[in-house]
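# What the coordinates show
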Amino acid sequence: MRTLLLFAVPAFLFICSLTQGQMVELAQEKYLDKCKGAWAGQMIGVCFGAPYEFQFNGRPIKEKLRQWSPDLVRTAVDQDDCYVEMTFLMSIEKHGINITGLQAGLDFGQSEYKLWHANRYARANIRRGIMPPKSGHPEYNRHADDIDFQIEADLFGIICPGLPQESNRFCDVFGHIMNYGDGVYGGMFVAGMYTAAYFEDENVRSVLEKGLGCIPAGSLYHKCISDVMRWYDENPNDWLKTWQLVEDKWQDDVDCLPGNPFNIDARLNGAYIAMALLYGNGDPRKTMEIGTRCGQDADCNPSNALGILGCMKGYRRLGQDLTGGIAGIADTKFSYTEYSFNTLIPACRKTAEKVILRAGGRISENHYVIPVQNPRPPLKLEQWTDQMRILSIAIPQSVVNLWDPVWRVVKCGHYLEPGLEEQYQGRQNVLMVHPVSPSEPAVLEAQLPVNASDRKLRIDLASHERGDFLLKVFLGGKPAFEKLIGEGGKWMRCEVNLPDDSSENINVRIEVHPNDWNHEAAYFDKVVIVP
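Below, the structure is looked at part by part. Because the structure is predicted, anything quoted here is derived from the model rather than measured.

## Regarding the overall build of the protein
- Scanning the protein for helices and strands turns up 19 helices and 14 strands.
- Its C-alpha radius of gyration of 26 Å places the protein within 12% of the 24 Å reference for a compact globule of 531 residues.
- By its C-alpha atoms, the protein is 95 × 45 × 45 Å across when sized along the principal axes.
- In the protein, once contacts between residues fewer than 6 apart in sequence are set aside, the share between residues at least 24 apart is 74%.
- In the form shown here, the protein has an accessible surface area of approximately 20,900 Å², with 50% of it arising from carbon and sulfur atoms.
- Taking the 54 positively charged and 67 negatively charged side chains of the protein as two groups, their mean positions are separated by 2 Å.

## Here's the deal with the sheet that holds strand β6 (residues 419-424)
- With respect to topology, 5 strands assemble into an open sheet ordered β6-β7-β14-β9-β12, the strand pairing being antiparallel. Of all strands in the sheet, those with a lone pairing partner are β6 and β12 (492-497), marking the two edges. Ignoring which end each strand starts from, the neighbouring axes of this sheet average 40 degrees apart.

## Quick look at the packing of aromatic side chains
- Enumeration over the complete set of coordinates arrives at 19 aromatic pairs.
- On the numbers, 3.7 Å between centres and 0 degrees between planes, the contact of tyrosine 424 with tyrosine 523 is stacked. With tyrosine 424 in strand β6 and tyrosine 523 in strand β14 (residues 522-530), the pair connects residues that are 99 residues apart, well separated along the chain.
- Tyrosine 523 sits in the buried class, given a relative accessible area of 5%.
- Every member of this aromatic cluster is reached through a ring pair, and the members are Phe88, Phe108, Phe149, Phe156, Phe170 and Phe174.
- We note lysine 36 situated over the ring of tyrosine 315; from NZ or CZ to the ring centre the distance is 4.4 Å.

## Quick word on the packing of helix α8 (residues 182-197) against helix α14 (residues 300-313)
- Running from N to C, α8 and α14 point in directions that differ by 15 degrees, and their axes come no closer than 8 Å. Considering their axes alone, α8 and α14 lie roughly parallel with respect to each other. Between α8 and α14 lies a crossing of right-handed hand. Where α8 approaches α14, its residues Val190, Met193, Tyr194 and Ala197 are matched on the opposing element by Ser303, Asn304, Gly307, Ile308, Cys311 and Met312.
- Residue composition of the contact of α8 with α14, grouped by class: 7 nonpolar, 3 polar and no charged.

## As for the nonpolar core
- Among the nonpolar cores identified, the biggest contains 121 residues, and Trp39, Phe156, Phe174 and Cys348 are the most heavily contacted of them.
- Ranked by size, the runner-up nonpolar core spans 36 residues in total, among them Cys412, Ile459, Leu498 and Ile510.

## Structural notes on the packing of helix α9 (residues 204-212) against helix α12 (residues 266-280)
- As a packed pair, α9 and α12 sit with axes 9 Å apart at the nearest point and diverge in direction by 155 degrees. Taken together, α9 and α12 sit at an angle that is classed as roughly antiparallel. Contact residues: Val204, Arg205 and Leu208 in α9; Ala274, Leu277 and Leu278 in α12.
- Residue composition of the contact of α9 with α12, by class: 5 nonpolar, no polar and 1 charged.

## Examining unusual backbone geometry
- A cis amide bond links proline 132 to the next residue, proline 133, at an omega of 5 degrees.
- Following the sequence through the fold, proline 133 ends up in the loop between α4 (117-127) and α5 (148-152).
- Its identity is not glycine, yet asparagine 429 carries a phi of approximately 55 degrees, on the positive side.
- Topologically, asparagine 429 is positioned in strand β7 (residues 427-433).
- Relative accessible area serves as the criterion here: at 28%, asparagine 429 is assigned to the partly exposed category.

Cut-offs used in this document
Residues numbered from 1 in each chain as written. Predicted model: local features only at pLDDT ≥ 70, side-chain atom pairs only at ≥ 80, totals over all residues. Heavy atoms only, no water. Helix = DSSP H or I, 4+ residues; strand = E, 2+ residues; numbered from the N terminus. Rg over C-alpha atoms; globule rule 2.2 N^0.38 Å. Contact = heavy atoms within 4.5 Å. Areas by Shrake-Rupley, 256 points an atom, 1.4 Å probe, with all protein chains shown as cover. Lys, Arg positive; Asp, Glu negative; His and termini not counted. Charge placed at Lys NZ, Arg CZ, Asp CG, Glu CD. Pairing = 2+ DSSP bridges. Axes fitted to C-alpha atoms, helices over the stretch in contact; angles between N-to-C directions. Phe/Tyr/Trp six-rings, centres within 6.5 Å; stacked < 30°, edge-to-face > 60°. Buried < 20%, exposed > 50% of the residue type's maximum accessible area, 1.4 Å probe, protein only. Lys NZ or Arg CZ within 6 Å of the ring centre and 35° of its normal. Parallel < 35°, antiparallel > 145°, perpendicular 65-115°, else oblique. Left-handed = near helix turned anticlockwise from the far one by under 90°. Nonpolar A, V, L, I, M, F, W, Y, C, P; charged D, E, K, R; others polar. Core = buried A, V, L, I, M, F, W, Y, C linked by side-chain atoms within 4.5 Å.

Structure (structure tokens):
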């Protein structure tokens, strides 16, 4: 890496003083080494932290962690932390670097891998015709501030060396598929650090500051990371002190599972990425260990952190003790993609070259000539400010309407992510509810029309594969049916006789009572009155 100045000075000594648009050379060989380091870091970090994912919520890991062995990386090809963002690269290769939110969203909607939280809601929204950016908006996606896009945003920095405005453009397109506000800013922060890592080999603080420059200073995400950096300066040798300060201020329980220490919020987990980089102090092992020890999403966070550090250091400097297992899987395709490690790197290179040219750069025989971009946050601040209005309701009526608009969910707990399931045990568009507590049921109610020939209420339902529940049905305010529903998740049909004096309409109340408070979810397909 060198500049086009008349005298030779290593770029990292003066990159901070470069002005917008100033041309800098990046050797193609160095780009490839850093690109490999970025992907290797993600793969190693996620495999190292995998056993601890959401096993330590609201508490740090103080005990001894397992030893890293290079062969552990073999599971990386099946990690969603890797392959989901690779399918984004497939979309970019398919549609070009000017891909639109609609194109990216439609591709995401056709994906077949298992998803959770914001990603799962977004894909379901898209399949129902709710397209980006609505698919990630809080009114349609109660997980809008979750970590999903933050996990998947590494790609956009990897293909935008030194070009944070370009990475932000990609993040705006892809991030709004599943997230909004801080959920998108987490991805911009991560991607921005990668863009800086191509021109910074050692200074982790500089990389963090450039990533932070990609998001609005008025956002809660920016304030959270700024707190981490300040607390690091105050406690440079005590990551546990900073962890506790983060916990006290930012573990606010305003997330998709209120009342539960589990927190997949982008800000909180982004703080752990920043802590891993700062307290890791350029040491790969220490970086991924602290990223894991902070808990919560303890595989995604070290994956992001070590990916960024791997991009800074490059593949060769990560060392065989970390990367030694990659050669053995380098020709194995990642799940749901056409990429192996050996084909992923040239695919990123090809896309990065297109981005460099669009930004006004040039490609020579051995170098990329890149017009340096200063980090620039989005002009408009997005911030989800009324989380409690939406999150206090386990299943919003807008979601119930997609199942059957005549019904309303009166009560429902938050366990096991209740809501509309795209499919369950072979049936489509299924409503899942869960009791509120061991003593309080979930409740559904409807006023159903009754024809002269109607005789029965028919309920097609199933339990969770690993649980059961007590079903109670009330017709016209009176108890009419009670049965323990189990059968290992198999669909079954319950028929309840209507009262002889049923009028034109009858009030139907369905209660899902816990039995032993173990996977008490109830899945409803059709609930109808029949002859």
